[in-house]
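# A closer look at the structure
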Amino acid sequence: MVSGRMLRDAVINGVYAIGSKKREVDELNVFPVPDGDTGTNMSMTMNGALRELQFIGDACTASQIADITASALLRSARGNSGVILSLLFRGFAKGLAGKAEADCEALRRALKYGVEDAYKAVMNPVEGTMLTVARAASEKAAASSDSADDSDEPDDIKALWRDVCVAAKESLDKTPELLPVLKKAGVTDAGGAGLLIIWEAMLAVFEGGKITKHAENNSALSGISALADEEGEITFGYCTEFVINKSADAKDAAALRAFLQTIGDSVVCVDDRDIIKVHLHTDNPGKAVEEGLRFGALVNIKIDNMREQRQNKVKEAEILKRKEFTPAAPEKKYGFVAVSSGAGLEAMFKNLGADRIVCGGQTMNPSTDDILKAIYMTPAETVFILPNNKNIILTAEQTVKLADRKVCVLQTRTIPQGMSAFLAFDSDLDFNTNRLNMAKAIEKVSTGLVTFAARDSVFDGHHIKKGEVLALENGKPIFSERDINKAAYRLCKRLIKSDSEFVTIIYGADVTDERAEELLALVKDKYGAHVEIMLLNGGQPIYYYIISAE
């Protein structure tokens, strides 16, 4: 039998395990774009359980632990993988309902219910993903119920969960055969890999009875992360910013960017005519400054200890949590919550009429609770959600049953789709007409993205090197380039069709105004006679350009 204490420790061990191996899971990304955040999303989702379970004593029942875990994971769920993970654990709450201790049959029910809920939540389930891995494990557990020796003794519980892990591993290894895109990339499914890591960590507790101390770099083990809010984990401690007054013989800033990416993340390196603006998160700000000196004289140097800032923020958050939160009373019929990242994009959605902006996007998916709080703060009877990213839609949909008002999640997979949906809205029309009009507007938008390759890879027979400029059309990588504007112009030529009427070019934090204007001039020169072209400073990270044609 599995006691409440044992189940609590098993889940906590799962938190630590996925936290220590999240980077490995992130690297199982099929495309070489900087969005391989499956491991990070699963780790941050599991951390929601840690924040609750670390204060629960040994007297709790298995049912209580399962309920606490399911509720915490649902609210902290990030990305598709995080939502599916939360639904799988919701199965534990159903299967273990009323149980002081969990026997083999309860665990089998837990797996079965979790898989059923997960499959129902995904609009078009794809085999070869973590859903397949979870289902294979559940089916193996169900098959073991035929054993005549099943007496629910500790050894039987261990044997059952070993079978679960073995079946999950076998299914994971087969995912490339079910999904050609995985086979082409030479990887197994990232979500399935993360799930196996969590389940194997739970098995370790069932077998040994103790929580395992995983790698020291597991941020879940730090006091800050265990109590932190859900805005993200701190991998590097110092936010470092400075401006370089370029010397006459300064080298290409691309070399500086490449170096900075080896010592940190969130790297922004904007090369203007006379200066280079630098921003990064690192544990070695001195190395960043030293490297910057090779390009010229430094001014406006600013280094902040983000971990200290986080501790102060957590203290403030704990004080706020003690105050009663009152949702905004409906003052109007319709309201909007949009997800975006970048000052320009946030301002744009606010100008369109968004009531609340949830900070997030690629590599920084917001949690269910983040979106739910924004809904509560929107003074409307019906709230439309614009996720603006394919990996946020499922998370947003979890708020529909949690909110105290009507919520409609629009299927916006990109920022331009969110813009078009907003422009199609008419406050004088009824809900169903508006939803239909916005859905039609979304379908008319083609989106192109210009970013950088996060790793070396081979895609469709083409060798792509880390750091190369990468162009995506409607989510699929199509070519790589060395020059950002050249890639953006080639992408425009693919997106703009004979019937295109509007083109929007949104440039990000790593593109100067001058470079953006150069691209605009090129596009206008070729298409300006019959297409309306708009240039916006979105200030977004990750993407040099977001381009849409409709």
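Each remark here, short or long, concerns the structure printed above.
The notes below deal with the structure included here. (Residues numbered from 1 in each chain as written. Predicted model: local features only at pLDDT ≥ 70, side-chain atom pairs only at ≥ 80, totals over all residues. Heavy atoms only, no water.)

### As for the overall build of the protein
The number of helices and strands found in the protein is 20 helices and 16 strands. Here the protein holds 550 residues, and 53% of them are scored as buried. Taking the intrachain contacts of the protein between residues at least 6 apart in sequence as the baseline, contacts between residues at least 24 apart amount to 72%. With the model as given, the accessible surface of the protein reaches about 24,600 Å², and the carbon-plus-sulfur share is 50%. (Helix = DSSP H or I, 4+ residues; strand = E, 2+ residues; numbered from the N terminus. Buried < 20%, exposed > 50% of the residue type's maximum accessible area, 1.4 Å probe, protein only. Contact = heavy atoms within 4.5 Å. Areas by Shrake-Rupley, 256 points an atom, 1.4 Å probe, with all protein chains shown as cover.)

### With respect to the sheet that holds strand 1 (residues 238-246)
Read from one edge of the open sheet, four strands run 2-3-1-4, paired in antiparallel fashion. One side of each edge strand has no neighbouring strand; the edge strands of this open sheet are strand 2 (264-271) and strand 4 (296-305). On average, each strand axis in the sheet is tilted by 10° relative to the strand beside it, whichever way the strands run. Of the strand pairs in this sheet, strand 1 and strand 4 are connected by eight bridges, and their pairing is antiparallel. Across the sheet, threonine 240 pairs through a bridge with isoleucine 303, a residue of strand 4. Those strands touched by helix 11 (residues 253-263) are strand 1, strand 2 and strand 3 (275-282), and its axis lies near 170° from that of strand 2. (Pairing = 2+ DSSP bridges. Axes fitted to C-alpha atoms, helices over the stretch in contact; angles between N-to-C directions.)

### Considering the packing of helix 5 (residues 104-121) against helix 6 (residues 130-143)
Remark: helix 5 packs on helix 6, axes separated minimally by 9 Å, with the N-to-C direction vectors making an angle of 150°. Comparing the axis directions of helix 5 and helix 6 gives the class roughly antiparallel. Classified by chirality, the crossing of helix 6 by helix 5 is left-handed. Along its contact with helix 5, which presents Arg108, Leu111, Lys112, Val115, Ala118 and Tyr119, the element helix 6 presents Leu131, Thr132, Ala134, Arg135, Ser138, Ala141 and Ala142. Partitioning the contact of helix 5 with helix 6 into residue classes produces eight nonpolar, two polar and three charged. (Parallel < 35°, antiparallel > 145°, perpendicular 65-115°, else oblique. Left-handed = near helix turned anticlockwise from the far one by under 90°. Nonpolar A, V, L, I, M, F, W, Y, C, P; charged D, E, K, R; others polar.)

### Considerations on the packing of helix 14 (residues 343-352) against helix 17 (residues 415-423)
Close contact between helix 14 and helix 17 brings their axes to 10 Å; oriented N to C, the two are set at 15°. In this view, helix 14 runs roughly parallel relative to helix 17, as classed from their interaxial angle. The hand of the helix 14/helix 17 crossing is left-handed. Across the interface between the two elements, Leu345, Met348, Phe349 and Leu352 from helix 14 touch Ile415, Gly418, Met419, Phe422 and Leu423 from helix 17. Residue composition of the contact of helix 14 with helix 17, by class: eight nonpolar, one polar and no charged.

### Details of unusual backbone geometry
Notably, asparagine 474 is not glycine yet its phi reads approximately 50°, a positive angle. With respect to the helices and strands, asparagine 474 occurs in the loop between strand 12 (469-473) and strand 13 (476-481). For isoleucine 542, which is not glycine, the phi dihedral falls at a positive 70°.

### Some details on the pattern of salt bridges
All chains considered together, the criterion is met by 26 salt bridges. In this structure, arginine 515 and glutamate 518 form a salt bridge, with 3.3 Å as the shortest nitrogen-oxygen distance. In this pair, arginine 515 and glutamate 518 are both assigned in helix 20 (residues 513-527), three residues apart and thus about one turn of the helix distant. In this structure arginine 515 comes out as partly exposed when scored by relative accessible area, which is 26%. Overall, the relative accessible area of 37% leaves glutamate 518 in the partly exposed class. The structure contains a network of salt bridges with shared partners spanning Arg5, Arg8, Asp9 and Asp58. (Salt bridge = Lys/Arg side-chain N within 4 Å of Asp/Glu carboxyl O.)

### Comments concerning the environment of alanine 509
The residue alanine 509 is located in the loop between strand 14 (502-507) and helix 20 in this model. According to the relative accessible area criterion, alanine 509 is partly exposed, its value standing at 30%. With residues near it in sequence (within four places) discarded, alanine 509 still touches Val268, Val270, Gly539 and Gln540.

### Some remarks on the side chain of threonine 368
Within the secondary structure, threonine 368 is located in helix 15 (residues 368-376). Those residues in contact with threonine 368 that lie beyond four places of it in its chain are Leu74, Arg75, Ala77, Thr395, Gln398, Thr399 and Leu402.

### Observations concerning the pairing of strand 14
Of all six residues making up strand 14, five are buried, and the element is well covered by its neighbours. Note: strand 14 against strand 15 (residues 532-537), six bridges, orientation parallel. If you follow valine 503 over to strand 15, its bridge partner there is isoleucine 533. Read as a crossover between parallel neighbours, the route from strand 14 over helix 20 to strand 15 is right-handed. (Right-handed = clockwise from strand over helix to strand, strands pointing away.)

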